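# Structure at a glance
Listed below, chain by chain, are the residues.
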Amino acid sequence: MAYNDVMSRERFVQLDPGTGRSPVPVNYVRNLVELIGELGIDTSRLLNRVGLSKEDVYNPEPALRFEQFRRVMVGARDMTGNPALGLKLGQQLTLTAHGLLGYAAISSADLGDALRLLERYFRTRTRLCVPRIEPVSSGVRFCLIESMPLGDIRETYLEVVVAAVVGGIRYLLGDRFQGAVLELPYPAPEHAHLYDELLGMPVEFGAEVAALRLPTRLLNEPFTLSDPASRQMAAQKCEEELQRLEADQDWASRVRARLMQAEGMLPSLEQLASNFHVTSRTLRRYLNALDVSYRSLLEEVRMTKAMGYLQANITVQQVANRLGYADPSNFARAFRKWTGHPPSYFQP
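Residues numbered from 1 in each chain as written. Predicted model: local features only at pLDDT ≥ 70, side-chain atom pairs only at ≥ 80, totals over all residues. Heavy atoms only, no water.

## Points about the sheet that holds strand S4 (residues 139-146)
As a reminder of what qualifies: A pair of strands is treated as paired once DSSP finds two or more bridges between them. A run of H or I in DSSP becomes a helix once it reaches four residues, and a run of E becomes a strand once it reaches two; helices and strands are each numbered from the N terminus. Orientation is described by lines fitted to C-alpha atoms, with helices fitted over the stretch in contact, and by angles between N-to-C directions that extend from 0 to 180 degrees. Should any heavy atoms of two residues lie within 4.5 Å, those residues are considered in contact.
Pairing is mixed in the open sheet, where five strands are placed in the order S3-S4-S7-S5-S6. The strands lining the two open edges of the sheet, one partner per strand, are strand S3 (129-136) and strand S6 (203-205). Direction aside, the axes of adjacent strands within the sheet are offset by 20 degrees on average. Here strand S5 (residues 181-184) pairs with S6 via three bridges, running parallel. Within S6, the residue paired with Leu184 across the bridge is Phe205. Across the face of the sheet, helix H9 (residues 154-173) comes into contact with S3, S4, S5 and strand S7 (210-215) while running at roughly 145 degrees to S4.

## Some words on the pattern of salt bridges
For side chains bearing opposite charge, pairing can occur when the charged atoms are close. Note the threshold: Throughout this description, the term salt bridge denotes a Lys or Arg side-chain nitrogen within 4 Å of a carboxyl oxygen of Asp or Glu. Relative accessibility under 20% of the residue-type maximum defines a buried residue, over 50% an exposed one, and the middle range a partly exposed one, all with a 1.4 Å probe and only protein chains included.
Using the criterion set out here, one finds 15 salt bridges in the structure. Of the charged contacts, one joins Arg141 and Glu183 as a salt bridge, the two residues approaching to 2.7 Å between their closest N and O atoms. With Arg141 in strand S4 and Glu183 in strand S5, the pair connects residues that are 42 residues apart, well separated along the chain. By relative accessible area, which is 8% here, Glu183 ends up buried.

## Comments concerning the nonpolar core
Keep this limit in mind: Only buried residues count toward a nonpolar core, which is a set of Ala, Val, Leu, Ile, Met, Phe, Trp, Tyr and Cys residues joined through side-chain atoms within 4.5 Å.
In this structure, Phe69, Tyr157, Phe177, Leu212 and Leu214 are the most contacted members of the largest nonpolar core, which totals 79 residues. Every residue in contact with Phe177, bar those within four places of it in the chain, is listed here: Val166, Ile169, Arg170, Met201, Leu214 and Leu218. Membership of the second largest hydrophobic core comes to 18 residues, among which are Trp251, Leu266, Leu283 and Leu297.

## Considering the side chain of Lys305
By secondary structure assignment, the location of Lys305 is in helix H16 (residues 294-311). Residue class for Lys305 comes out buried when judged on its relative accessible area of 9%. Discounting chain neighbours no more than four positions away, the residues touching Lys305 are Leu259, Met260, Ala262, Leu266 and Leu323.

## Overview of the packing of helix H13 (residues 251-261) against helix H15 (residues 280-289)
Going by this rule: Note on residue categories: nonpolar means Ala, Val, Leu, Ile, Met, Phe, Trp, Tyr, Cys or Pro, charged means Asp, Glu, Lys or Arg, and polar means any other residue, Gly included.
Closest axis-to-axis distance for the H13/H15 pair is 8 Å, and the angle between their directions is 115 degrees. For the pair H13 and H15, contact is made by Trp251, Ala252 and Val255 and by Leu283, Tyr286 and Leu287, respectively. Of the residues in the contact of H13 with H15, the class split is six nonpolar, no polar and no charged.

Here it is as structure tokens:
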């Protein structure tokens, strides 16, 4: 059963950390609209269909709300009938399309340096997923952790992001980009054969999270366009932008993002408060001011993570363990309360 079968549009708006803010840079939406035009689709008709105007897309404001972005993605996918639209769009996003972050990556010393920049400053481009570098025996996994429910654009959005990341690395390394493997957190779609054709690398479906496995030898591969002075200047600007964004982000969004990034047992309110360098009483007061509780955010994140794990065909026992439930039956009862269905309903 598809994730969007139980996630209504109203729930998207409720869960969207950008409903009152703007989490998706508008230049990405412009890229999508222009790509649709190149495919022969009437872009005015697309925007009219999703309730946006050209002024909304081509305006000085830096971003769109998630729900606006979602409508454009769904409308574009439906009108083109192209299931691989996300991969196509991701390929169109050159490094320079990512602004200062792209310039910082291009001027980095090597791939390892560039990945560390992405891990810290990816949030300046989008908050819909957050990178994390995980060491493994053969090298590293560059993971992309979803920070909110993506619903009916989950696969398409992740395709955009991974295609853009792979394309950027291939641009910087050229023929040296060998030995990497892409992991994706959903079953192989009908157009799975297009992944190898468009990305030119092995792809494994049904993973826990989206991730790029990179061998150790690639991390020290130098970039021909490396420029320490340019890298320092661009990184400093990214840091300034990140600090502004962090100051603007509400506390519910901060807590939600940290919970989504957590592995294993989810942190308590007290642990999160310590991480944010405030007292638990202060954090609770901040959340109450937004009419939200830590418990409700915890349940929301548990549901989101559970959906992703189940769709990756992880057993109910394993999902319960990962979410901190000592008894799988307790998890099953909670899951039925969240969705109205047993966990098995959502497994492939």
